[in-house]
Amino acid sequence: MADTEKIIEIQVLRYRPEQDKEPVLQSFKVPFTDDMSVLQGLQYIKDFLDGTLSFRWSCRMAICGSCGMMVDGKPKLSCKTFLREYYPQGLRVDALAHLPIERDLMVSVEDFVTKLESIKPYIIPKEPRTLEQGEYLQTPQQRDMYEQFSSCINCMLCYAACPQYGLNPSFTGPGILALMHRYNADSRDGGQAERNELGYADEGYWGCTAVGYCSEVCPKGVDPANAINQNKMASAINYFTRFITPGGAEK
Amino acid sequence: MSARRPYVRSMDGWWKRDAYFISYMAREVTAVFVALYAIVLLFGVVRLSQGEAAFNGWLQYLTTPWMKVFHLIVLAVFCYHTWSWFNIMPKTMPIIFFGGKRLQPGTITGTGLVASVVACLAVLLIVRGMS
Amino acid sequence: MEVFKADVAIVGAGGGGLRAAIAVAEADPTLKIALISKVLPMRSHTVAAEGGAAAVTRPDDSLDHHFNDTVGGGDWLCEQDVVEYFVEHAHEEMVQMEHWGCPWSRKEDGHANVRPFGGMKIERTWFAADKTGFHMLHTLFQTSIKYPSIKRFDEYFCSDLMVEDGRCQGVLAIEIATGEFTLIQAKAVILATGGAGRVFRENTNGGIVTGDGMALAYRHGVPLRDMEFMQYHPTCMPRTGLLFTEACRGEGGLLLNKDGYRYLQDYGLGPAEDKPRNKFMELGPRDRLSQAFWHEQQKGRTIQGPFGSVVNLDLRHLGEAYLRERLPQIYELAEEFMGIDPAHTPVPVVPGVHYTMGGILADGKTASSLPGLYSVGECSSVGIHGANRLGSNSLTELIVFGKVAGVEAAKFAKSVSISNPGAIQKQAEAAQARALGVVNKSNGTERMAVLRNEMAQSMEDGCGIYRLGTTMQATCDKIDELRQRYKNLKLEDKSKVYNTEWLLGIELGYLLEVAQVIVYSAINRKESRGSHQRLDGFEERDDVKYLKHSLAYYTGDGAPRIEYGDVKITKSKPGTRAYGAAGVKADADRHAEGADNG
Ligand SMILES: Cc1cc2nc3c(=O)[nH]c(=O)nc-3n(C[C@H](O)[C@H](O)[C@H](O)COP(=O)(O)OP(=O)(O)OC[C@H]3O[C@@H](n4cnc5c(N)ncnc54)[C@H](O)[C@@H]3O)c2cc1C
Ligand code: SF4
Ligand code: FES
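As the structure is a prediction and not an experimental result, all values here were calculated from the model.

**Concerning the overall build of chain C**
Stage number 1. Helices and strands together make up the secondary structure of chain C, namely 16 helices and 26 strands.
Stage number 2. At 23 Å, chain C has a C-alpha radius of gyration in line with the 25 Å of a compact globule built from 598 residues.
Stage number 3. Counting every position in chain C, which comprises 598 residues, the buried fraction comes to 68%.
Stage number 4. For chain C, contacts bridging at least 24 residues in sequence account for 74% of all contacts bridging at least 6.

**Some details on the sheet that holds strand β12 (residues 224-225) of chain C**
All names here are of chain C.
Stage number 1. As summarised here, the arrangement of the 5 strands in space is β20-β18-β12-β25-β26, forming an open sheet in which the pairing is mixed. Since the sheet does not close on itself, it has two edges, and those belong to β20 (380-381) and β26 (561-566), each with one partner.
Stage number 2. Where β12 lies against strand β18 (residues 359-361), 2 bridges are found, and the strand directions are antiparallel. If you follow L224 over to β18, its bridge partner there is I360.
Stage number 3. Against the sheet, helix α5 (residues 212-219) touches β12, β18 and β25 (548-553), its axis set at about 35° to β18.
Stage number 4. Sheet contacts for helix α14 (residues 500-524): β12, β25 and β26; angle to β26, the most-contacted strand, approximately 65°.

**Considerations on the interface of chain C and chain A**
Stage number 1. Each side of the interface is counted separately: chain C has 72 residues, and chain A has 66 residues.
Stage number 2. Contact between chain C and chain A buries roughly 5800 Å² in total, counting both sides, with carbon and sulfur atoms accounting for 53%.
Stage number 3. For the pair chain C and chain A, the interface holds 9 salt bridges.
Stage number 4. Its salt-bridge partner being D493(C), residue R103(A) comes within 2.6 Å of it at the nearest N-O pair.

**With respect to the confidence of the model for chain C**
Stage number 1. Model confidence for chain C is summarised by a mean pLDDT of 95, while 99% of its residues fall at 70 or above.
Stage number 2. Of the two predicted TM-score estimates for the complex, the pTM is 0.94 and the ipTM is 0.95.

**Structural notes on the environment of T132(C)**
All names here are of chain C.
Stage number 1. In this structure, T132 sits in helix α4 (residues 132-144).
Stage number 2. Judged by relative accessible area, which is 0%, T132 ranks as buried.
Stage number 3. Linking T132 and F307, residues 175 residues apart in sequence, is a C-alpha distance of 29 Å.
Stage number 4. Residues within four places of T132 in sequence aside, it is in contact with A49, E50, G51, G52, A53, W104, W126, F127 and L395.

**Some details on the site of ligand 2**
Stage number 1. Every residue close to ligand 2 is listed here: C152(A), I153(A), N154(A), C155(A), M156(A), L157(A), C158(A), G175(A), C218(A), P219(A), V222(A) and P224(A).
Stage number 2. Among the residues making up the shell around ligand 2, the classes are represented as 10 nonpolar, 2 polar and no charged.

**Some thoughts on the packing of helix α12 (residues 448-462) of chain C against helix α13 (residues 469-486) of chain C**
Residues and elements named next belong to chain C.
Stage number 1. Two numbers describe how α12 lies on α13: the axes approach to 9 Å, and their chain directions differ by 165°. In this view, α12 runs roughly antiparallel relative to α13, as classed from their interaxial angle. For the crossing formed where α12 meets α13, the hand is left-handed. Of the residues in α13, those in contact with V450, L451, E454, M455, S458, M459, D461 and G462 of α12 are T471, M472, T475, K478, I479, E481, L482, R485 and Y486.

**Things to note about α14(C)**
Residue and element names in this part refer to chain C.
Stage number 1. Along its 25 residues, α14 runs 36 Å from first to last C-alpha, staying within 8% of the 36 Å computed at 1.5 Å per residue.
Stage number 2. The element α14 is extensively covered by neighbouring structure, given that 23 of its 25 residues are classed as buried.
Stage number 3. By the N-cap criterion, in which a side-chain oxygen at the helix start approaches the backbone nitrogen of a residue two or three places on, α14 is capped by N499, the distance to E501 being 3.2 Å.

**Examining the interface of chain B and chain C**
Stage number 1. Across the contact, 4 residues belong to chain B and 5 residues belong to chain C.
Stage number 2. Around 330 Å² of area is buried between chain B and chain C when both sides are counted, 63% of it from carbon and sulfur atoms.
Stage number 3. Here chain B is connected to chain C by 0 salt bridges.
Stage number 4. For the pair chain B and chain C, the number of links is 0 residue pairs in polar contact (both at pLDDT 80 or more).

**Considerations on the domain arrangement of chain C**
How big an interface is tends to be stated in terms of accessible area lost as the parts join.
Residue and element names in this part refer to chain C.
Stage number 1. Domain boundaries assigned for chain C yield domain 1 (2-50 + 133-231 + 355-427), domain 2 (233-354), domain 3 (429-566) and domain 4 (568-598).
Stage number 2. Listed per partner, the contact involves 14 residues of domain 1 and 21 residues of domain 2.
Stage number 3. Summed over both partners, the interface of domain 1 with domain 2 comes to about 1300 Å²; 48% of that surface belongs to carbon and sulfur atoms.
Stage number 4. On the domain 1 side of the contact with domain 2, E50, E202 and T204 bury the most area, a combined 52% of that side's loss.
Stage number 5. Along the contact surface separating domain 1 from domain 2 lie 0 salt bridges.
Stage number 6. Applying the counting criterion to the domain 1 and domain 2 interface returns 10 residue pairs in polar contact (both at pLDDT 80 or more).
Stage number 7. Partitioning the side of domain 1 that touches domain 2 into residue classes produces 3 nonpolar, 7 polar and 4 charged.

**A closer look at the sheet that holds strand β5 (residues 114-115) of chain C**
All names here are of chain C.
Stage number 1. Strands sit in the order β4-β6-β5 across an open sheet of 3 strands; the sheet is antiparallel. Looking at strand neighbours, the two that pair on one side only are β4 (53-54) and β5, the edges of this open sheet.
Stage number 2. Strand direction decides the pairing type here: β5 and strand β6 (residues 125-126), joined by 2 bridges, are antiparallel. Looking across to β6, one finds that V114 is bridged to W126.

The rules behind each value
Residues numbered from 1 in each chain as written. Chains lettered and ligands numbered in written order. Predicted model: local features only at pLDDT ≥ 70, side-chain atom pairs only at ≥ 80, totals over all residues. Heavy atoms only, no water. Helix = DSSP H or I, 4+ residues; strand = E, 2+ residues; numbered from the N terminus. Rg over C-alpha atoms; globule rule 2.2 N^0.38 Å. Buried < 20%, exposed > 50% of the residue type's maximum accessible area, 1.4 Å probe, protein only. Contact = heavy atoms within 4.5 Å. Pairing = 2+ DSSP bridges. Axes fitted to C-alpha atoms, helices over the stretch in contact; angles between N-to-C directions. Buried area = accessible area lost by both parts, 1.4 Å probe. Salt bridge = Lys/Arg side-chain N within 4 Å of Asp/Glu carboxyl O. pLDDT = per-residue confidence, 0-100. Near = heavy atom within 4 Å. Nonpolar A, V, L, I, M, F, W, Y, C, P; charged D, E, K, R; others polar. Parallel < 35°, antiparallel > 145°, perpendicular 65-115°, else oblique. Left-handed = near helix turned anticlockwise from the far one by under 90°. Expected span 1.5 Å × (residues − 1). Polar contact = N/O pair within 3.5 Å; in protein donor to acceptor, adjacent residues only side chain to side chain. Domains from an automatic or database assignment.

Below you can see the structure in the form of structure tokens.
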């Protein structure tokens, strides 16, 4: 790793609701070293060039999910995207696509959080157990059935990658549907029937047209497209059986 | 009163924004060709029901230069369609364990593609054998 | 100003705050809970914890072992009755987390698995791959959604506590999205705001770990205890300070100097053996390992790289498949941030500031000296870490004492009512004016980043792995000066919507006060103990004078007043803190004398 300082141009889409009618691009020249992330570039801007630039961040290690943004049009965690990859041509940073911009690089998170709260994202025990009985037994393979879907850091990159969500924000969307599947696929859980009402609704699995980009951009290998599409079959069967079973169609 | 004023960006021309979206749209467009070809085949069935002459006329029509070009295009489009579907097939399947190990997406796609090639060859051979 | 009337207000929605909120909700569903966090709960820094959480689990382990490891590891500065409670309740809390869905790693038979950790005699660290904190935090957050009595205030920044009639009766919070203030009245308040690692330069902490709760309690007269004890973690990424979990060493990683030599054997941690052995070598405690690095550096045996002196963390012999299974996140960090494949190249590491052992003075039931105010988690000093925390004790602390804090606060809230709401409203208005003062000042000249960097550098110089009276004095002077200059802070952003610069400005005020407490507590402790090591004539532990907790009291603009409090000793008399073969011998000697507890 060379340690000489180079200068890179970072264009940032600014939006200050109290002064800008609509977002505007602003360009900054930032000295950088090869180990510096895009986030560190933005921090440099905030510290030394323009204290008003606003963005979310905390852990710097790709686990808290705060720092998602569009880097040259791609949804990325800015703390694990490196400036060196955009040198010498420079880069452009925008707030995550498909989400309303609150200010600069910060988007609204309310829709995401409301949806998260709506899917019963907790164990609804199949067989209740007291603490004295100790832990539920779960083999490593049973754990593997949901582990990947439990790795979601709620960064919302997949929402910025999902045109269906952009076109119709009532679609529950990839990350949250993956979380729903995480609980359904957990051997300890018995709440699938309750959650399916949401999953099988129009805003649920069927809002997805298998674009698949969500899984491509996910920084944690969650593969939300898989979580969604493996449920479509079950959903379709459910749909037809509802007509066959007596009284089922009214449900 | 809150000074908040969330700004919603337009979705116009969204599919041009990313190469990934373009290839997705291409997959969707190829589906139209699949439908078109189904119509062509359906037409053949209708002709068949109208008697041998009608059916032979339809077969004759398929050998015209225009129709040959159309078939070549459709073949290319179908190949893309097949490839793109098998590419996302792993995303449509539950997690599968095979001998204690998890089946990798690449294996699923590969198996799908090989299976479709084999199926095509088999159909070709059968058709050859019949004629 | 908006007013929200709660029974219990909890500031902080990390592991500690969330566990407390659930405990209140379960204790009495009619109690209204306000859960306030300056970031979405799942962004809290608990998310970054990698290694695991300790609880006695195996048949060959015992509560006494866990107790002895913790008390000895803390160089006997622990509250022993609290440690007893802690080790007794650890396991049931792990099981509780399991019932709530935490994806603990499993053995083939389906039981939760445990791994070894530094300073622990027997394997007892529950883990979820190397994302334990992440999984615990998300499990707690998602479970908390089940309880309708928990009203969350996400992205609300707490700027002050309301103290009226001699007790804490609420908090003032800024809604970050709008810049508007909300007064949250409460009959009991729990602080769960996390540590203060951001006071230092190279650290493993997130940007939000700025000691807010500590400073808030301190300003209202609650002492901060044992703040001189800051833990350096021996294996961090050079320059960024990002952490390579101790589990790397638990799984068999080796520390090598520039000659490829396992230098820890030269510092009383040997002998070096091929297999990892608990409390030996790489599995010694963090303070000792960080100190050994410092000595190697003095001897010129570290490796000079583009990021200064480093040593190597060698994981190559574990093989790619095993590393990917057991330490996936570490693999990713090394690959992406450093361009290193740990299966083929050793990873350069340095010590970095990691954990704040001290905190808001709390009794064994998390109550502070101010009635109605409780604290839990890294911001709190409930007394289990002493002079050096053992890895994997703090995640357990969050859930064991999170529950205690919730139950206690609920009890207190039911025993009192809000007194004098008019006076509280007035206080809130005054506090609002103070908070706005930070941003509305027009003639400031000091650039925030400059103040912050000077503070962090000075703290590293004065309160590093080894400390000297002279350098600590220089740091005292520097921090005093910075607190003065802070009054002249210049902010560019005058807006209301998501004004992050403003909040950073308030946080800097918190940081500086906590920094001052750390360095003044350090310079006054004239001995070496745990993570506080001096090289200026006070190289030894001095139980006669300093088997005492330091307590720092706020005095306004000046330096803190440092007092001392007793340490609760129940069953373990202070002994020699030894590891490796020397540790085995010391244990045997103590056992023969009957100084330990079995
Ligand atoms: C990299 C890393 C790895 C670790 N690994 C381990 C490990 O393996 N095992 C172990 O036992 N421990 C580990 N630790 C330590 C442990 O993770 C922390 O001590 C613990 O998670 C702290 O939890 P907390 O709930 O006290 O605070 P945090 O999780 O830091 O949460 C603080 C909360 O307070 C809120 N807050 C703070 N200030 C304000 C304010 N002014 N207004 C409103 N809200 C506020 C924040 O928003 C946040 O919600 C690790 C620590 C780090 C940094
Ligand atoms: S599924 Fe992946 S991309 Fe989507 S929110 Fe979760 S971690 Fe982020
Ligand atoms: S800062 Fe936490 S994910 Fe990037």
